[in-house]
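This is what each chain is made of:
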Amino acid sequence: MDRSEILELVLDHYHNPRNKEETPEASAIWHGGLPGCGDLITAYLTVADNHVQRATFTGDGCTISQAAASMLTEQLIGQSVESVAEMNQSTIVELLGEEMVQTRPRCATLGLDAFRAAAQEFLRQQRLNSTSGGA
Amino acid sequence: MSSYANPGVLVETDWLANHLADPGLCIVESNEDYLLYDTGHIPGAVKIDWFTTLQDPIRRDFISKSTFEQLCSRLGIENGTTVIFYGDRNNWFACYAFWLFQYYGHERLKILNGGRMKWLKENRPISMEFPSYPSTTYLARDPDPSIRAFRDQVLAHVQKGGPLVDVRSPGEFSGELLHMPNYPQEGAMRGGHIPGARNIPWSQAVNENDGTFKSAEELRQIYQITHGFKPQDELIAYCRIGERSSHTWFVLTYLLGFSNVRNYDGSWTEWGNLVGSPIEKS
C-alpha cells in the first residue's frame, strides 16, 4: 500500500474501530498507556486451545494509537498465544507502514505492547497453574 | 472591562471564517495528535507537527535556524506573513509553535482563540484538501534567548530566589504524580517541583466550555492578585515537556503584558531526571 492508502485505512479504523469493547471474561487483560500523549489502551485476549479466539480493546487517545489497536485486533485472531507474546515492532510496521511508525513510535506500538503483555501474562498464569497443579 | 495587553495577538473564529483566503495569511494547525489534521482541518491550513517538524531528529532540541528557514520557505511563509496558529488540547501545541516562531524572530503571529475545538463546535467548514503554496526564501533571526530558559539558568534563578510558575496539575506539582492525572505514571525519575515554584495549572487560563482564554480581569485575578506576580517579574514557566508552559508563557506575555517571561522547555522531564537537581515536594 502507498502512503495515502495506509492513511485512508488508518483513518477508517480510527473512525470505525473494530472490536472496541470490554471483554470482562477475557483470559487475559492488560492496561497500557503513554505519558507523552495520554493514550490509553486496555487489551482483552480470549484464548481457547492456546490460540486467540477473540481480541478486543478499549481506550482513548490519538488517532494512531487507537487505529493501530483496532487494526491489530483483526490480525490476532487464530494466532497462537506464544506468537502474540513474541510479537515485535515489525508486526505494526506491516500494518501501518514504516513512516507512520517512525512518526509516533510509542503511539503506534501501544496496542502491540498491551496485547503482547496480555499474552505474556496469560502464559505466566498458565505456568503458575501448571507448577501449582492447578487447571 | 479592561482588555488584554496585546488583544491583536488573538483572532476569533468569526473573524477567521471571513478571512480564510486573505493574502498574507498562513493558517497553521499544530496538534498533539499527529493525524488529526488529516481527518479534516480549517480550509487552507497547513500542518506543523510539534515532534516531527519542530524537533531536531537526533538531539533533544528544536530545529536549527536553517531548518526553520527551510520549513517556512516550504510552507510559503514570508517574513511579513501573518501566521495564525490553532490546534487541539486548548492550543497547547499551537502556543508551542507560536513560541518557537517567536524564538526565531517571526513578528506577525496570532493564536485562534478557542482553537480547533471551538471551530468544530461551531460547525465551521472543514477541508480534506491538503494545500501547498509557492515556496519562499524565508530568513530567520538568530534565536531569542530572552524567551527560553535552560537548566543552568533555571538553577541560577532558583538560587537567587526568582519566581517560577509550575503549570502542571496539583498532583504533579506535589510529587504525588509524575504525569497528568489519569495518565500513566512515568517519564521522570523523581516527582515534585522546582524549589520556590508556584503551582498555577495552565487550565486556569481557559474557559472550559469553549477553550477560549479567560478575560483579562480573570487572568489578572489569578496571576497577579492571587499569586502576586508582577508584570516586570523575571518569571520562568515550566511543565513536563514545555507545551503547557508555552500556553502560560503566551498568557502572561501577550494577554497580561508581562515583559520578562521565559519558557523552560526542558521542564520536568529534564529537571526530574537531572542528577542532583534540587526538588521540593508538598
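Residues numbered from 1 in each chain as written. Chains lettered and ligands numbered in written order. Predicted model: local features only at pLDDT ≥ 70, side-chain atom pairs only at ≥ 80, totals over all residues. Heavy atoms only, no water.

**Topic: the overall build of chain A**
Here's step 1: The helix and strand inventory of chain A stands at six helices and three strands.
Here's step 2: Taking 2.2 N^0.38 as the reference for a compact globule, 135 residues should give roughly 14 Å; the C-alpha atoms of chain A span a radius of gyration of 15 Å, in line with that estimate.
Here's step 3: On the principal axes, the C-alpha backbone points of chain A span a range of 50 × 25 × 25 Å.
Here's step 4: Taking all 135 residues of chain A together, the buried fraction comes to 49%. (Helix = DSSP H or I, 4+ residues; strand = E, 2+ residues; numbered from the N terminus. Rg over C-alpha atoms; globule rule 2.2 N^0.38 Å. Buried < 20%, exposed > 50% of the residue type's maximum accessible area, 1.4 Å probe, protein only.)

**Considerations on the sheet that holds strand 1 (residues 10–11) of chain B**
Residue and element names in this part refer to chain B.
Here's step 1: In space, the five strands of this open sheet follow the order 1-5-4-2-3, with parallel pairing throughout. Edge positions in the sheet fall to strand 1 and strand 3 (46–47), since each has one partner strand and no second.
Here's step 2: As paired strands, strand 2 (residues 25–29) and strand 3 are joined by two bridges and run parallel to one another. Across the sheet, the residue bridging to Val28 is Val46, located in strand 3.
Here's step 3: Of the strands in this sheet, strand 4 (82–86) and strand 5 (109–112) are in contact with helix 3 (residues 92–103), which crosses strand 5 at around 175°. (Pairing = 2+ DSSP bridges. Contact = heavy atoms within 4.5 Å. Axes fitted to C-alpha atoms, helices over the stretch in contact; angles between N-to-C directions.)

**Section: empty space enclosed by the protein**
All names here are of chain B.
Here's step 1: Applying the stated rule across the entire model yields one cavity of 30 Å³ or more.
Here's step 2: Quantified by volume, the largest cavity comes out at close to 40 Å³.
Here's step 3: In this structure, the largest cavity is lined by Glu29, Ser30, Asn31, Asp33, Tyr34, Leu36, Tyr37, Lys47, Ile48 and Asp49.
Here's step 4: Its residues assigned to classes, the lining of the largest cavity shows four nonpolar, two polar and four charged. (1 Å grid on protein atoms, 1.4 Å probe; cavity = no way out; pocket = protein on both sides within 12 Å on 5 of 7 lines; lining within 4 Å. Points joined across faces, edges and corners; volume = space filled by probe spheres on them. Nonpolar A, V, L, I, M, F, W, Y, C, P; charged D, E, K, R; others polar.)

**With respect to the nonpolar core**
Here's step 1: Membership of the largest hydrophobic core comes to 60 residues, with the highest contact counts inside it found for Phe85(B) and Phe250(B).
Here's step 2: The leading source of residues in this core is helix 3 of chain B, at eleven residues.
Here's step 3: Look past the residues within four positions of Phe250(B) in its chain and what remains in contact with it is Val9(B), Leu10(B), Cys95(B), Phe98(B), Ile111(B), Phe213(B) and Leu255(B).
Here's step 4: Judged by nonpolar contacts, the second largest core, of 42 residues, contains Ala28(A), Leu34(A), Val52(A) and Ile92(A). (Core = buried A, V, L, I, M, F, W, Y, C linked by side-chain atoms within 4.5 Å.)

**A look at the state of the cysteines**
All names here are of chain B.
Here's step 1: One pass over the structure, following the stated rule, counts zero disulfides over all chains.
Here's step 2: Distance from the sulfur of Cys26, which forms no disulfide, to the nearest cysteine sulfur (Cys72) is 8.4 Å.
Here's step 3: For Cys26, a relative accessible area of 6% corresponds to the buried category. (Disulfide = S-S within 2.5 Å.)

**Some words on the side chain of Asp39(A)**
Here's step 1: Relative to the assigned elements, Asp39(A) resides in the loop between strand 1 (28–33) and strand 2 (40–48).
Here's step 2: It is Arg89(B) that comes nearest to the buried, bridge-free Asp39(A) among opposite-charge side chains, at 5.7 Å.
Here's step 3: Reaching out from Asp39(A), the side chain makes a polar contact with the backbone nitrogen of Cys62(A) at a distance of 2.7 Å.
Here's step 4: Once you skip the residues sitting within four places of it in the chain, Asp39(A) turns out to touch Gly32(A), Gly33(A), Leu34(A), Asp60(A), Gly61(A), Cys62(A), Ser65(A), Cys107(A) and Leu110(A). (Lys, Arg positive; Asp, Glu negative; His and termini not counted. Salt bridge = Lys/Arg side-chain N within 4 Å of Asp/Glu carboxyl O. Polar contact = N/O pair within 3.5 Å; in protein donor to acceptor, adjacent residues only side chain to side chain.)

**Section: the confidence of the model for chain B**
Segments scoring low in pLDDT should not have their predicted coordinates read at a detailed level.
Here's step 1: Scored by pLDDT, chain B comes out at a mean of 94, with 96% of its residues at no less than 70.
Here's step 2: Across the whole predicted complex the pTM is 0.87, and at the interface the ipTM reaches 0.73. (pLDDT = per-residue confidence, 0-100.)

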